[in-house]
Amino acid sequence: MAAEDRVRWDDVYRNSKGKPYPAPDPMLFDYTPPAPAGDERRALDLAAGLGQNGLWLASQGYITDVMDISRIALTRARMEMSMRNLRNINLLQVDLDDVQLKASHYHVVCVFRYLKRSLWKQIQQAVVPGGRVIFESYNLNYLDVVPAFNTEFLLHPGELADTFALWNVLHENEDDYVSQLVAVKPAGTLPTPDEGENPSDVDW
């Protein structure tokens, strides 16, 4: 499946080469805290695609991991990164079926238009206490737009809020066919014993 996904997404991004580089998602502007100068804050752009959100986080001072399965997408991100003279970015070609995120490692994790429920626990564990998740993806109302869309990858009503029920919610919205959540991990939250310590990601 990973090989099929890689080929499919490489084709998607190969066919989009002539299009302008996308702007970062606006929700980041309102809910990303500043990274204080001299304080090493880390961010993760998960299932990043062309990496526009990760590049923006890096421009705000975060040491940013940009993870995606498509080498074509990450090559485009690398070109944009070079043009902007951004050096605080790790471009990681990752199979998200096998990824192991470091526990208590990131101050911001953003996920846009990607849903893999088996990763939710890892995402929660990867955020430092006081850090936050910025999440947006399609919900079941998207079937009104694309009736054949696989429901496995669509959020149910209230699902994000239930998943992060123990976190402090800063923003929640389920208008239309997109669900959004911004939530802060409570201070004092400790890693659980089964959290992985070493990422299996390959930097290239």
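Anything mentioned here points back to the structure above.
Residues numbered from 1 in each chain as written. Predicted model: local features only at pLDDT ≥ 70, side-chain atom pairs only at ≥ 80, totals over all residues. Heavy atoms only, no water.

Within this structure, the stated rule accounts for eight aromatic pairs. Between the aromatic rings of Trp120 and Phe135, the centroid separation amounts to 6.4 Å while the plane-to-plane angle is 70°, which identifies the pairing as edge-to-face. Of the two residues, Trp120 sits in helix α5 (residues 120–126) while Phe135 sits in strand β5 (residues 127–138), which places them 15 residues apart along the sequence. Across the pair, exposure class does not vary: Trp120 and Phe135 are buried alike. (Phe/Tyr/Trp six-rings, centres within 6.5 Å; stacked < 30°, edge-to-face > 60°. Helix = DSSP H or I, 4+ residues; strand = E, 2+ residues; numbered from the N terminus. Buried < 20%, exposed > 50% of the residue type's maximum accessible area, 1.4 Å probe, protein only.)

Let us look at the pattern of salt bridges. One pass over the structure, following the stated rule, counts six salt bridges. Ionic pairing is found between Asp97 and Lys116, a salt bridge with its closest N-O pair at 2.6 Å. With Asp97 in the loop between β3 (89–93) and β4 (106–112) and Lys116 in the loop between β4 and α5, this residue pair connects regions lying 19 residues apart in the sequence. Since its relative accessible area comes to 41%, Asp97 is described here as partly exposed. On the basis of relative accessibility, which here comes to 23%, the residue Lys116 falls in the partly exposed class. (Salt bridge = Lys/Arg side-chain N within 4 Å of Asp/Glu carboxyl O.)

Here the focus is the side chain of Thr64. With respect to the helices, strands and loops of the structure, Thr64 is situated in strand β2 (residues 63–68). For Thr64, the residues in contact, after removing those within four places along its chain, are Ala43, Gly54, Leu57, Ala58, Asn88, Ile89 and Asn90. (Contact = heavy atoms within 4.5 Å.)

Leu46, Met67, Val109, Ile123, Val133 and Phe135 are the most contacted members of the largest nonpolar core, which totals 26 residues. Of all elements in the fold, only β1 (42–46), β4, α5, β5 and β7 (178–184) reach the threshold of two or more residues within this core. Once residues lying within four places of it in the same chain are set aside, the contact partners of Ile123 are Leu46, Leu101, Val109, Val111 and Val133. Grouped together as the second largest cluster of nonpolar side chains are 14 residues, Leu50, Leu55, Leu86 and Ile89 included. (Core = buried A, V, L, I, M, F, W, Y, C linked by side-chain atoms within 4.5 Å.)

Within the element layout of this structure, Lys185 appears in the loop between β7 and β8 (202–203). The exposure class of Lys185 is buried, given its relative accessible area of 5%. Here Gln124 takes part through its backbone oxygen, which lies 2.9 Å from a polar atom of the side chain of Lys185. At a separation of 2.8 Å, a polar atom in the side chain of Lys185 contacts the main-chain carbonyl oxygen of Val127. Not counting residues within four places of it along the chain, the set of residues in contact with Lys185 comprises Gln124, Gln125, Val127, Val128, Pro129, Gly130, Gly131 and Trp167. (Polar contact = N/O pair within 3.5 Å; in protein donor to acceptor, adjacent residues only side chain to side chain.)

Turn by turn, an α-helix covers 3.6 residues, leaving residues three or four places apart pointing in a common direction. Relative to the 18 Å expected for 13 residues at 1.5 Å per residue, helix α4 (residues 71–83) spans 18 Å between its end C-alpha atoms, a close match to the ideal helical length. Inspection of α4 places Ala73, Leu74, Arg76, Ala77, Glu80 and Met81 among the buried residues, and these make up the whole buried set. All buried residues of α4 project into a common sector of 155° when viewed along the axis, lining one side. Exposed and oriented more than 90 degrees from the buried face of α4 are Met79, Ser82 and Met83. Those residues of α4 hidden inside the fold are in contact with α1 (2–14), α3 (52–59), β2 and β3. For α4, the N-terminal cap is Ser70; the gap from its side-chain oxygen to the backbone nitrogen of Ile72 is 3.3 Å. (Expected span 1.5 Å × (residues − 1). Arc of directions from axis to C-beta.)

Among the five residues in β3, four count as buried, and that is most of the element. Strand direction decides the pairing type here: β2 and β3, joined by five bridges, are parallel. Directly across from Val66, in β3, lies its bridge partner Leu91. Once you follow β2 into α4 and on to β3, the crossover reads as right-handed. (Pairing = 2+ DSSP bridges. Right-handed = clockwise from strand over helix to strand, strands pointing away.)

None of the figures reported here should be taken as evidence of function without further support.
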